[in-house]
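# Chains, contacts and geometry: an overview
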Amino acid sequence: DGGITQSPKYLFRKEGQNVTLSCEQNLNHDAMYWYRQDPGQGLRLIYYSQIVNDFQKGDIAEGYSVSREKKESFPLTVTSAQKNPTAFYLCASSGGQSPSTDTQYFGPGTRLTVL
Amino acid sequence: AQKVTQAQTEISVVEKEDVTLDCVYETRDTTYYLFWYKQPPSGELVFLIRRNSFDEQNEISGRYSWNFQKSTSSFNFTITASQVVDSAVYFCALSENSGYALNFGKGTSLLVTP
């Protein structure tokens, strides 16, 4: 089945630790995205990548880092510099290279809790 | 400034009632796209519809219908004969040709009770 997988589903982190969230897609999509969702809020864009080895900051990139070494993978690292990392993180992908016009499809999400 | 406003935070209906979820957007672009997504309790966002700014035809898909009106900058979503499985948070989103991201509203939580 084609789709987007995210792991782990739940993640607990101690303050001061870096953690990496996994996102893999087998849809052969060019573009991938990371969003953050806080309770009662819409989604906010952290980073996006339109092509391998290239990525751009979104609206709330501070305290996060990404890499795009393979077309199907777009891991997100939440660093200790992120002051309030507890949130639900959603990965998405789209077929073309245009974040502004293509339909984005989402993975099941990772819920990160800082202890 | 919020580009997408979903004024209804929570709606509760009884099964088989019709319900309309409101979405008002703001943009200066002439080319833009509007989306609706469903987020069930499991958390994954499920794509429902994409509409471009040049197509104001209303769309119907089974029990779902969408009403796009550029004159009022609205893209409302109606569920006919609601079912318990429709219970979810529904998000309206806007993407602008001049932008780089989806702009999401804050969502409307729909609860359908038997």
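Let me sum up the structure you'll find in this document.

So, how was this worked out
Residues numbered from 1 in each chain as written. Chains lettered and ligands numbered in written order. Predicted model: local features only at pLDDT ≥ 70, side-chain atom pairs only at ≥ 80, totals over all residues. Heavy atoms only, no water. Helix = DSSP H or I, 4+ residues; strand = E, 2+ residues; numbered from the N terminus. Contact = heavy atoms within 4.5 Å. Polar contact = N/O pair within 3.5 Å; in protein donor to acceptor, adjacent residues only side chain to side chain. Buried area = accessible area lost by both parts, 1.4 Å probe. Salt bridge = Lys/Arg side-chain N within 4 Å of Asp/Glu carboxyl O. Nonpolar A, V, L, I, M, F, W, Y, C, P; charged D, E, K, R; others polar. Buried < 20%, exposed > 50% of the residue type's maximum accessible area, 1.4 Å probe, protein only. Pairing = 2+ DSSP bridges. Phe/Tyr/Trp six-rings, centres within 6.5 Å; stacked < 30°, edge-to-face > 60°. Lys NZ or Arg CZ within 6 Å of the ring centre and 35° of its normal. Disulfide = S-S within 2.5 Å.

Residues and elements named next belong to chain A. Examined against the element boundaries, Gln56 turns out to sit in strand E6 (residues 54-57). For the pair Gln56 and Val66, spaced 10 residues apart in the sequence, the C-alpha separation amounts to 9.4 Å. Residue contacts for Gln56: discarding those within four places in its chain leaves Tyr47 and Tyr48. Here Asp54 takes part through its side chain, which lies 3.3 Å from a polar atom of the side chain of Gln56.

Looking now at the interface of chain A and chain B. Contacts between the two partners involve 24 residues from chain A, matched on the other side by 21 residues from chain B. In this assembly, chain A packs against chain B so that about 1,700 Å² is buried in total across both faces, 54% of it on carbon and sulfur atoms. For chain A, the biggest contributors to the area lost against chain B are Ser100(A), Thr101(A) and Phe106(A); these three give 29% of the whole. Where chain A touches chain B, the interface holds zero salt bridges. Our count for the contact surface shared by chain A and chain B stands at two residue pairs in polar contact (both at pLDDT 80 or more). Of all the secondary structure elements, the ones that give two or more residues to the side of chain A that touches chain B are strand E4 (31-37), strand E5 (43-51), strand E9 (87-94) and strand E10 (105-106) of chain A. By residue number, the principal contributor to the side of chain A that touches chain B is E5(A), which donates three residues. Taken together, the residues of the side of chain A that touches chain B sort by class into 10 nonpolar, 10 polar and four charged.

This paragraph deals with the pairing of strand E5 (residues 32-39) of chain B. Residue and element names in this part refer to chain B. Most of E5 is tucked away: eight of the eight residues are buried. Here eight bridges tie E5 to strand E10 (residues 88-96), and the two strands are oriented antiparallel to one another. Among the inter-strand pairings, Gln39 is bridged to a residue of E10, identified as Val89. With six bridges joining them, E5 and strand E6 (residues 46-52) adopt antiparallel strand pairing. Within the sheet, the bridge partner assigned to Leu34 lies in E6 and is Arg51. Hairpin remark: E5 followed by E6, antiparallel, with six residues in the connecting loop; positive phi at Gly43, about 105°.

Under the criterion given, the structure shown has 21 aromatic pairs over all chains. The interplanar angle of 25° and the centroid separation of 6.4 Å between the aromatic rings of Tyr33(A) and Tyr48(A) together place this pair among those described as stacked. Of this pair, Tyr33(A) sits in strand E4 while Tyr48(A) sits in strand E5, and the two are 15 residues apart along the sequence. Here a set of aromatic residues connected by ring pairs shows up, and it is made of Tyr33(A), Tyr35(A), Tyr48(A), Tyr105(A), Phe106(A), Phe35(B), Tyr37(B), Phe47(B), Phe91(B) and Phe104(B). The ring of Phe74(A) carries the charged tip of Arg68(A) above its face, separated from the ring centre by 6.0 Å.

Disulfide: a covalent bond formed between the sulfur atoms of two cysteine residues. Residue and element names in this part refer to chain A. A complete count under the given rule lists two disulfides over all chains for this structure. One disulfide bridge connects Cys23 with Cys91, the sulfur atoms lying 1.9 Å from each other. Classification of the bridge connecting Cys23 and Cys91 rests on its S-S torsion, roughly -75°, and on that basis the disulfide is left-handed. A residue pair is termed long-range when its members are at least 10 positions apart, and Cys23 in strand E3 (residues 19-25) and Cys91 in strand E9 qualify at 68 residues.

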